[in-house]
Amino acid sequence: MRQLKLIPEVHCNPSEEEGVNGEKPTTDLGNGSHVVYLPRFLAYDNSWEYFHYLDKHIPWTRPTIRVFGKPFLQPRDICYIASKGLKELSYSGYKPKAYSWEDFPPLEEILHKVHKAFPGSHFNSLLLNRYKGGNDYVGWHADDEKLYGPNPEIASVSFGCERDFILKKKPNKKSKAEVEGEPSSKRAKKNDSYSFKLKHGSVLVMRGNTQHDWLHSVPKRAKAETARINLTFRRVM
Ligand SMILES: O=C(O)CCC(=O)C(=O)O
Ligand SMILES: [Fe+2]
């Protein structure tokens, strides 16, 4: 726990949420990796309406996946939504059934709001997570499946209990900028980890080389007593 204090927690002043030129509060992780975080993306009450709708109407499942060949109960509930005709998602030996956007109009509405807030984004699939309490978590990983292309952009909308979202630099890995030959003098020295407390109604977007050079996780938290629902919008290429 004490170790966490060493991780810079990124705060965002709500008055700076959107600058005069529409630029977004961005954390530069270095070497072409960026995170944009808007703590007040959706209004508070509206976000609770979404939470209760999703908690009740999404066909949640807690699948058994395979980790190093062994069966492992995923430590959270999930559901998958995808536009028609996309390549199937498969991870850790598991292929989630793809539900349709049309079956969940509030999800289409949130997708529309994400697209409006991030012009140029074209998300066509969504992985939903429900953390029932502090024992539910997502371990260290990168969303670097081939079907998302070389530089996946992922927008993550959160509802309910606030949880820590932590990014750490992949160990012993040359950054994409290094591999591509950018001189080290041009690469600023940066922190190796960052922590965001993901607020009810917030959105966090990972961009550029983030899935290539960084891992992220939502660790267990004894004090997180209530449920959290998270939507990760992705684009299958
Ligand atoms: O719950 C979160 O904030 C992150 C979820 C996540 O990383 C994922 O679904 O890939
Ligand atoms: Fe992820």
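Note that this is a predicted model, so its numbers are computed, not measured.

Conventions used here
- Residues numbered from 1 in each chain as written.
- Chains lettered and ligands numbered in written order.
- Predicted model: local features only at pLDDT ≥ 70, side-chain atom pairs only at ≥ 80, totals over all residues.
- Heavy atoms only, no water.
- Near = heavy atom within 4 Å.
- Polar contact = N/O pair within 3.5 Å; in protein donor to acceptor, adjacent residues only side chain to side chain.
- Helix = DSSP H or I, 4+ residues; strand = E, 2+ residues; numbered from the N terminus.
- Nonpolar A, V, L, I, M, F, W, Y, C, P; charged D, E, K, R; others polar.
- UniProt positions renumbered as here; feature names shortened; annotations may be inferred.
- Contact = heavy atoms within 4.5 Å.
- Buried < 20%, exposed > 50% of the residue type's maximum accessible area, 1.4 Å probe, protein only.
- Pairing = 2+ DSSP bridges.
- Core = buried A, V, L, I, M, F, W, Y, C linked by side-chain atoms within 4.5 Å.
- Donors = N, O, S within 2.8 Å, 3.2 Å for Na, K, Ca; no water.
- Expected span 1.5 Å × (residues − 1).
- Axes fitted to C-alpha atoms, helices over the stretch in contact; angles between N-to-C directions.

Observations concerning the site of ligand 1
Next up, step 1: Taken together, 13 residues are adjacent to ligand 1, and N129, Y131, H216, R228 and R234 come closest.
Next up, step 2: Here Y131 contributes a side-chain N or O atom positioned 2.5 Å from an oxygen atom of ligand 1.
Next up, step 3: Between an oxygen atom of ligand 1 and a side-chain N or O atom of D143, the distance comes to 3.1 Å.
Next up, step 4: Looking at the shell around ligand 1, the elements with two or more residues in it are strand 7 (125-131), strand 13 (214-218) and strand 14 (228-234).
Next up, step 5: Per-element tally for the shell around ligand 1: the top contributor is strand 14, with four residues.
Next up, step 6: In terms of residue class, the shell around ligand 1 is built from four nonpolar, six polar and three charged.

Looking at the UniProt feature "binding site: 2-oxoglutarate" (unreviewed entry) in the chain
Next up, step 1: Using the residue numbers shown here, the UniProt feature "binding site: 2-oxoglutarate" (unreviewed entry) corresponds to N129, Y131, H141, H216, R228, T232 and R234.
Next up, step 2: With respect to the helices, strands and loops of the structure, H216 is situated in strand 13.
Next up, step 3: Not counting chain neighbours up to four residues away, the residues in contact with H216 comprise G139, W140, H141, A142, D143, F165, I166, L167, M206 and Q211.
Next up, step 4: Along the chain, the position of T232 falls in strand 14.

Focus on the pairing of strand 7
Next up, step 1: The element strand 7 is largely enclosed, with a buried count of seven among its seven residues.
Next up, step 2: Both faces of strand 7 are covered, namely the face carrying S125, L127, N129 and Y131 and the face carrying L126, L128 and R130.
Next up, step 3: Judged from the six bridges that link them, strand 5 (residues 77-82) and strand 7 form a sheet pairing that is antiparallel. Counterpart to Y80 in the pairing with strand 7 is L127.
Next up, step 4: One ladder, built from seven bridges, connects strand 7 with strand 14; its direction is antiparallel.

Some thoughts on the nonpolar core
Next up, step 1: By size, the foremost hydrophobic cluster in this structure holds 31 residues, and its most contacted members are L107, L128, V157, F159, L231 and F233.
Next up, step 2: Of all the secondary-structure elements, those providing two or more residues to this core are strand 2 (33-38), helix 1 (44-57), strand 5, helix 2 (105-117), strand 7, strand 9 (154-160), strand 12 (202-208) and strand 14.
Next up, step 3: Among the elements that make up this core, the one with the highest residue count is helix 2 (five residues).
Next up, step 4: In this view, L231 contacts L54, L107, I110, L126, L127, L128, A155, S156, V157 and F159; residues no more than four positions away in its chain are not counted.

Things to note about the pairing of strand 10 (residues 163-169)
Next up, step 1: Taken across its seven residues, strand 10 has five buried, putting it largely inside the fold.
Next up, step 2: Of the pairings in the sheet, the one linking strand 10 to strand 13 comprises four bridges and is antiparallel in character. Note on strand 13: the bridge partner recorded for L167 is H216.

A word on the coordination of the iron ion (ligand 2)
Next up, step 1: Looking at the iron ion (ligand 2), one finds its protein donor set to be H141 (NE2), D143 (OD) and H216 (NE2), positioned 2.1 Å from the metal centre.
Next up, step 2: By relative accessible area, H141 is classed as partly exposed at 22%.
Next up, step 3: Classification of D143 by relative accessible area gives buried; the value is 7%.

Regarding the environment of S217
Next up, step 1: Within the secondary structure, S217 is located in strand 13.
Next up, step 2: Using a relative accessible area of 4% as the deciding quantity, one classes S217 as buried.
Next up, step 3: In this structure the C-alpha to C-alpha distance between S217 and W140, which are 77 residues apart in sequence, comes to 4.7 Å.

Let's talk about helix 1
Next up, step 1: An ideal rise of 1.5 Å per residue puts 20 Å on 14 residues; helix 1 measures up with 20 Å between its terminal C-alpha atoms.
Next up, step 2: On its buried face, helix 1 is in contact with helix 2, strand 7, strand 9 and strand 14.

Quick look at the sheet that holds strand 6 (residues 98-99)
Next up, step 1: Judged by pairing direction, the sheet is mixed, and its eight strands sit side by side in the order 1-2-12-9-14-7-5-6 without closing on themselves. Looking at strand neighbours, the two that pair on one side only are strand 1 (26-30) and strand 6, the edges of this open sheet.
Next up, step 2: Relative to strand 6, strand 5 is paired through two bridges, and the arrangement is parallel. Looking at the pairing, Y80 lines up with A98 of strand 6.
Next up, step 3: Against the sheet, helix 2 makes contact with strand 5, strand 7, strand 9 and strand 14, and its axis sits at roughly 60° relative to strand 14, the strand it touches most.

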